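Descriptive analysis of the structure
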Amino acid sequence: MTCEHVQELLADYLEGRLEPELQPQVRLHLTQCPDCREELEAEKALCQWLGARKVIPVSPQFSRNLMSRLGVAVPKPPRWFESLLELSNYWAPTLAALLVVVFAGRTLLGWIDQIRLFGHQAVLAVDNLPSSTNISHILPGSISSSFPLGSLLILVAIGAVTFGIIRLLKN
Amino acid sequence: MVHADDAALIKRFNKGDSGAFQDLVDQYRDLVHSVIRQTVPETNQAEDLAQEVFVRIYRGLDGFRGQSRLSSWIWRIAYRVCLSEIERLRRERGIVSLDDQEFAASPRLHPDLVDGSDALDKLATRDLWEVLFRKLPVRHRMILVLYYFQQLSYLEIAEILDRPMGTIKSDLHRAKSALRKAYLQIKPSSK
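Each value, and the rule that gives it
- Once a new chain begins, its residue numbering starts again from 1 and follows that chain's sequence as written.
- Chain letters start at A and ligand numbers start at 1, both assigned in the order the entries are written.
- Given that this is a predicted model, residues contribute local features only at a pLDDT of at least 70 and side-chain atom pairs are listed and counted only at 80 or more, while totals for whole chains, interfaces and linings are drawn from all residues.
- Side-chain measures here rest on the full set of heavy atoms in the structure, leaving out hydrogens and waters.
- Throughout, a residue-residue contact means that at least one pair of heavy atoms, one from each residue, lies within 4.5 Å.
- Once two parts are brought into contact, the accessible area they lose, counted with a 1.4 Å probe and summed over both, makes up the buried area.
- A pairing counts as a salt bridge when a side-chain nitrogen of Lys or Arg comes within 4 Å of a carboxyl oxygen of Asp or Glu.
- Pairs of N or O atoms within 3.5 Å make up the polar contacts considered here, provided that, within protein, one atom can donate a hydrogen while the other can accept it, and that residues adjacent in sequence are counted only when both atoms are side-chain atoms.
- Put simply, DSSP marks the helices as runs of H or I at least four residues long and the strands as runs of E at least two long, and each gets a number from the N terminus on.
- By convention a nonpolar core is built from buried Ala, Val, Leu, Ile, Met, Phe, Trp, Tyr and Cys residues, the set being connected through side-chain atoms within 4.5 Å.
- To sort residues, take the accessible area from a 1.4 Å probe on protein chains only and compare it with the maximum for the residue type: under 20% means buried, over 50% means exposed, and anything in between is partly exposed.
- Two aromatic rings from Phe, Tyr or Trp, using only the six-membered ring of Trp, form a pair when their centres are within 6.5 Å; if the ring planes differ by under 30 degrees the pair is stacked, by over 60 it is edge-to-face, and anything between is tilted.
- Over a ring means this: the NZ of a Lys or the CZ of an Arg is within 6 Å of the ring centre and within 35 degrees of the ring normal.

Let us look at the interface of chain A and chain B. Counting residues at the interface gives 34 residues for chain A and 40 residues for chain B. When chain A packs against chain B, the two sides together hide about 3600 Å² of surface, and 59% of this comes from carbon and sulfur. Of all residues in chain A, W49(A), R53(A) and F62(A) bury the most surface against chain B, accounting for 17% of the area lost on that side. Scanning the region where chain A abuts chain B turns up 6 salt bridges. A salt bridge links K176(B) to E43(A), with the shortest nitrogen-to-oxygen separation between them at 2.5 Å. Where chain A touches chain B, the interface holds 16 residue pairs in polar contact (both at pLDDT 80 or more). Broken down by secondary-structure element, the contributors of at least two residues to the side of chain A that touches chain B are α1 (3-14), α3 (34-51) and α4 (62-70) of chain A. For the side of chain A that touches chain B, the element with the most residues is α3(A), which contributes 9 residues.

This is the structure we're talking about:
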C-alpha cells in the first residue's frame with residue numbers, strides 16, 4: 001500500500017468507516033511509515049479544529065434591520081398571544097354570536113319597556129299638570145342611560161364577530 | 001418531496017403570515033451568519049451578507065417548489081452570496097481567492113503562506129488552521145463547513161453545490177489533504 005493511498009484513507013480510518021479488509025493494511029503501513037503517522041496526527045488535529053467551530057450569533061438588531069430593509073412589520077407577538085389567536089378560531093365566532101343574540105335581545109326588550117314606561121308616565125304626568133307646564137324636565141332618564149351600555153355591548157359583539165371572521169378568512 | 005416542517009412554514013408564508021418568515025429567520029440567522037463568516041475572506045461583512053441571504057430567501061420563498069429541502073435551498077443561496085462577495089472583492093479591491101480550477105489541478109495552498117515564515121510559525125495551532133483554511137477556494141471551504149460544522153451528508157452537500165456526490169467527496173479529501181500538508185510544512189517542530 002502506497003503512502004498516497006493510505007493518506008486518502010486516513011479520514012475513513014479515523015472515523016471507523018474503512019472497509020474491514022483495508023483496516024489491517026492501513027494499520028500496518030502506519031506502524032512502518034513516520035510520514036503517514038504525521039499525516040494521521042495532522043488529520044486528527046484538523047478534524048478536531050473543524051468540529052470545534054462554534055455558532056457565531058448575529059447582533060441583536062439583525063432581525064429589526066432585516067425586516068425594515070424588507071418593509072415587513074417587525075413585532076412578533078408573544079407566544080401566549082399567538083396561542084390565544086389560535087384558540088380564537090374556535091371560540092371567538094361562537095362567543096360573538098352568543099353575545100350578539102343575548103345583548104341585542106336584551107337591549108331591544110329594554111328599549112321597548114322604556115318606551116312603554118315613558119308613554120305611560122308621560123300620559124299620567126300630562127293629565128296631572130296644568131296645561132302651561134313644560135314637561136321636558138320630567139322625562140325618564142333611564143332611556144338615555146341604558147342606551148349607551150346596550151350599544152357598547154353590541155359594538156363589542158360586532159367587534160368579536162369581525163375578529164373571528166378575519167381569523168377564519170386568514171386561515 | 002417537501003419536508004413536513006418546510007411545507008407548513010411555506011404554507012404559512014404564502015398565506016401572508018409574517019410570523020412564518022420571522023420564524024425562518026430565527027431558526028437560521030445564526031447558522032447562516034456562521035457559515036458565511038467562515039467562508040468569505042472578510043468576516044466583518046458577514047452580517048450584511050447574511051442579511052442579503054434572507055432578502056433573497058424572502059423574495060424567492062413563494063416560488064420555492066420543494067424540489068429540495070428548504071435548508072438545502074437556503075445553503076445554496078448562502079453559497080451564491082459568498083461567491084458574489086468574493087467576485088466583488090476581486091473586482092473592486094483585487095483580493096484574489098485561490099481559484100477552483102487552479103486548486104483542482106494542483107491541490108496546494110499558495111506558497112506565500114506556507115513558507116514557514118516567522119509570523120505563521122508563532123501562530124497558535126488553531127489560528128494557523130484558520131489562516132490556512134481561508135486560503136482554500138471558496139467551494140472547498142463551503143464543503144468543509146457544511147460537512148463538519150453543519151454536519152450535512154455528502155448527498156446534501158452535492159445537492160446544495162449542484163455537483164456529483166463523488167466530486168464533493170474528492171474535493172473534501174483534497175481540501176483536507178492540502179491543509180494537512182501546509183500545516184506540516186509550517187510546523188516543522190511537530191516532526
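Once that is clear, we can look at the nonpolar core. Grouped together as the largest cluster of nonpolar side chains are 70 residues, with contacts concentrated most on F21(B), L24(B), F54(B) and I57(B). Element by element, the count of residues in this core is highest for helix α4 (residues 70-93) of chain B, at 10 residues. Not counting residues within four places of it along the chain, the set of residues in contact with F21(B) comprises L66(A), M67(A), L70(A), F13(B), F54(B), I57(B) and Y58(B). Judged by nonpolar contacts, the second largest core, of 11 residues, contains L10(A), Y13(A), L22(A) and V26(A).

Mapped onto the fold, Q7(A) is located in helix α1. Given a relative accessible area of 13%, Q7(A) falls into the buried group. Apart from the residues lying within four places of it in its own chain, the contact partners of Q7(A) are C36(A), E39(A), H173(B), R180(B) and K181(B).

By convention here, two paired aromatic rings are described through the distance between centres and the angle between planes. Summed over the entire model, instances satisfying the criterion amount to 10 aromatic pairs over all chains. Arranged with centres 5.6 Å apart and planes meeting at 85 degrees, the rings of F13(B) and Y58(B) form a pair that is edge-to-face. Here F13(B) is found in helix α1 (residues 4-14), whereas its partner Y58(B) is found in helix α3 (residues 46-60), with 45 residues between them in sequence. Residue Y58(B) is classed as partly exposed on the basis of its relative accessible area, which comes to 26%. Arranged with centres 5.0 Å apart and planes meeting at 20 degrees, the rings of Y147(B) and Y154(B) form a pair that is stacked. Owing to a relative accessible area of 13%, Y147(B) belongs among the buried residues under this scheme. Residue classification places Y154(B) among the buried residues on the basis of a relative accessible area of 16%. Site record: aromatic cluster; members linked through ring pairs are F13(B), F21(B) and Y58(B). In this arrangement the basic side chain of R53(A) is found over the ring face of F133(B), its NZ or CZ atom lying 5.1 Å from the centre.

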